[in-house]
Amino acid sequence: MSKQSVTVIGLGPMGQAMVHALLDKGYPVTVWNRTPSRADALIARGAVLAKSAEDALTANELIVVSLTDYDAMYALLEPASHALAGRVLVNLSSDTPEKARAGARWVSEHGGTHLTGGVNSSPSGIGQPGSSTFYSGPHEVFEAHRSVLEILTDTDYRGDDPGLAALLYQIVVGMFWTSVLGYWQAIALADANGLTASEVLPHATKLLTGMPGFLSFSAERIDAGEHGGDVERLAMGLASVEHVLHTNADAGVDTTLPTAVAALFRRGIDAGHGTDSASSLVELMKTAKA
């Protein structure tokens, strides 16, 4: 049985990794990028370079888009939007849930079908075990193309709402970068005191190894609306994060991040949560600061 042909639009590191994964499994791939030279190595492996965005869209039913954001999609595909009719556009570009919903409506208005994807992997993880992608949009369309999408990563379908995959992706990315910034702050402080990143690493690893239990414990209480200070209290937490802030300041390193953390804890105290758990900060964070 011949394998389904696929078009990939956008040949940054992620797009190229996806094309390589598809070629590795013997899928015929048509590619297009605004800078054609990015396709050179892929063409050498057997990919076909479309002459235009319109040709890329008309070449195959299944179109995988990997761009910076949805504005980039419009910039590239708007001139060829008539060619979306009858196509399934799997948009793996990062953007907000509302942008994803608007993008799905736009594709639908031009006769196509939109699947939103949020890739939880770096380019090096594409085609490798353990990587995954959130998907949302029409379930029957997802199922029809699932076998192809699973060449790229494991699939995690989250529902019909095209914004759901984008929402979950941004939730995960937000946690990732905030956590990584905390690690880099620690390295900056360590460096100012003559320690190396390698010396900090075992302590960071030990901390993160214990996090699943803490997160599970907190999630159950937060969902139940329980922020009692029986385990720890926000007032003690404020003292702790202020010690961290002062230690960074004394070392002469940038204090942007620890200052922001301390400010959030102080808001919690000012709101009357001093004797509650630090998890009570979630309630403050649910509403934008006035």
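Please refer to the structure placed before this passage.
In this text, all values refer to a predicted model and were calculated from it rather than measured experimentally.

### Describing the overall build of the chain
Broken down by element type, the chain carries twelve helices and eight strands. Taken along its principal axes, the extent of the C-alpha atoms in the chain is 65 × 45 × 35 Å. Across the 290 residues in the chain, those meeting the buried criterion constitute 40%. The contacts of the chain with a sequence gap of at least 6 include a subset with a gap of at least 24, amounting to 62%. A total accessible area of about 15,200 Å² is found for the chain, and carbon and sulfur atoms account for 58% of it.

### Brief notes about helix H10 (residues 234-251)
Taking 1.5 Å of rise per residue, the 18 residues of H10 would be expected to cover 26 Å, and the 26 Å separating its terminal C-alpha atoms lies within 8% of that figure. Taken together, the buried positions of H10 are occupied by Leu234, Gly237, Leu238, Val241, Leu245 and Asn248. Projection of H10 onto a plane perpendicular to its axis shows the buried side chains occupying an angular sector of 100 degrees, all on one side. Along H10, exposed side chains directed more than 90 degrees from the buried face belong to Met236, His243 and Asp250. Tucked inside the fold, the buried residues of H10 contact helix H7 (162-192), helix H11 (256-270) and helix H12 (281-285). After H10 finishes, the residue Gly252 shows a positive phi value of roughly 80 degrees.

### Comments concerning the pattern of salt bridges
One pass over the full model with this rule turns up eleven salt bridges. One salt bridge connects Lys99 with Asp95, and the closest N-O pair in it is separated by 4.0 Å. One salt bridge connects Arg146 with Glu150, and the closest N-O pair in it is separated by 3.0 Å. Placement of the pair is Arg146 and Glu150 together in helix H6 (residues 139-152), with a separation of four residues, close to one helical turn. According to the relative accessible area criterion, Arg146 is partly exposed, its value standing at 31%. Residues joined in a network through salt bridges with shared partners are Asp71, Asp95 and Lys99.

### Topic: the packing of H7 against H10
When two helices pack together, their arrangement is captured by the angle between the axes and the distance separating the axes. Following both chains from N to C, one finds H7 and H10 inclined at 45 degrees, their axes separated by 9 Å at the closest point. Taken together, the axes of H7 and H10 lie oblique to each other. Remark: the crossing between H7 and H10 carries left-handed chirality. Mapping the contact onto sequence places Gln185, Leu189 and Ala192 in H7 and Thr247, Asn248 and Ala251 in H10.

### Things to note about empty space enclosed by the protein
Here the idea is plain: a probe the size of a water molecule rolls over the atoms and shows the empty space left. Applying the stated criterion to the full structure yields one cavity of 30 Å³ or more. Put simply, the largest cavity is a space of about 40 Å³. Lining the largest cavity, in full, are Tyr70, Ser93, Ser94, Asp95, Ala100, Thr116, Gly117, Ala166, Tyr169 and Gln170. Among the secondary structure elements, those contributing two or more residues to the lining of the largest cavity are strand E6 (113-120) and H7. Top contributing element to the lining of the largest cavity by residue count: H7, with three residues. Among the residues making up the lining of the largest cavity, the classes are represented as four nonpolar, five polar and one charged.

### Side note on the pairing of strand E2 (residues 29-32)
Side chains Val29 and Val31 project from E2 onto one buried face, and the interleaved Thr30 and Trp32 project onto a second face that is buried too. By the bridge criterion, four bridges tie strand E1 (residues 6-9) to E2 in an arrangement that is parallel. From the neighbouring strand, Ile9 faces E2, where its bridge partner is Trp32. Considered for its hand, the β-α-β crossover made up of E1, helix H1 (residues 13-24) and E2 is right-handed. Direction of pairing for E2 relative to strand E3 (residues 48-49): parallel, over a ladder of two bridges. Paired with Thr30 across the two strands is Val48, which belongs to E3.

Criteria and cut-off values
Residues numbered from 1 in each chain as written. Predicted model: local features only at pLDDT ≥ 70, side-chain atom pairs only at ≥ 80, totals over all residues. Heavy atoms only, no water. Helix = DSSP H or I, 4+ residues; strand = E, 2+ residues; numbered from the N terminus. Buried < 20%, exposed > 50% of the residue type's maximum accessible area, 1.4 Å probe, protein only. Contact = heavy atoms within 4.5 Å. Areas by Shrake-Rupley, 256 points an atom, 1.4 Å probe, with all protein chains shown as cover. Expected span 1.5 Å × (residues − 1). Arc of directions from axis to C-beta. Salt bridge = Lys/Arg side-chain N within 4 Å of Asp/Glu carboxyl O. Axes fitted to C-alpha atoms, helices over the stretch in contact; angles between N-to-C directions. Parallel < 35°, antiparallel > 145°, perpendicular 65-115°, else oblique. Left-handed = near helix turned anticlockwise from the far one by under 90°. 1 Å grid on protein atoms, 1.4 Å probe; cavity = no way out; pocket = protein on both sides within 12 Å on 5 of 7 lines; lining within 4 Å. Points joined across faces, edges and corners; volume = space filled by probe spheres on them. Nonpolar A, V, L, I, M, F, W, Y, C, P; charged D, E, K, R; others polar. Pairing = 2+ DSSP bridges. Right-handed = clockwise from strand over helix to strand, strands pointing away.

Fair warning: the whole summary comes from geometry, so function is off the table for now.
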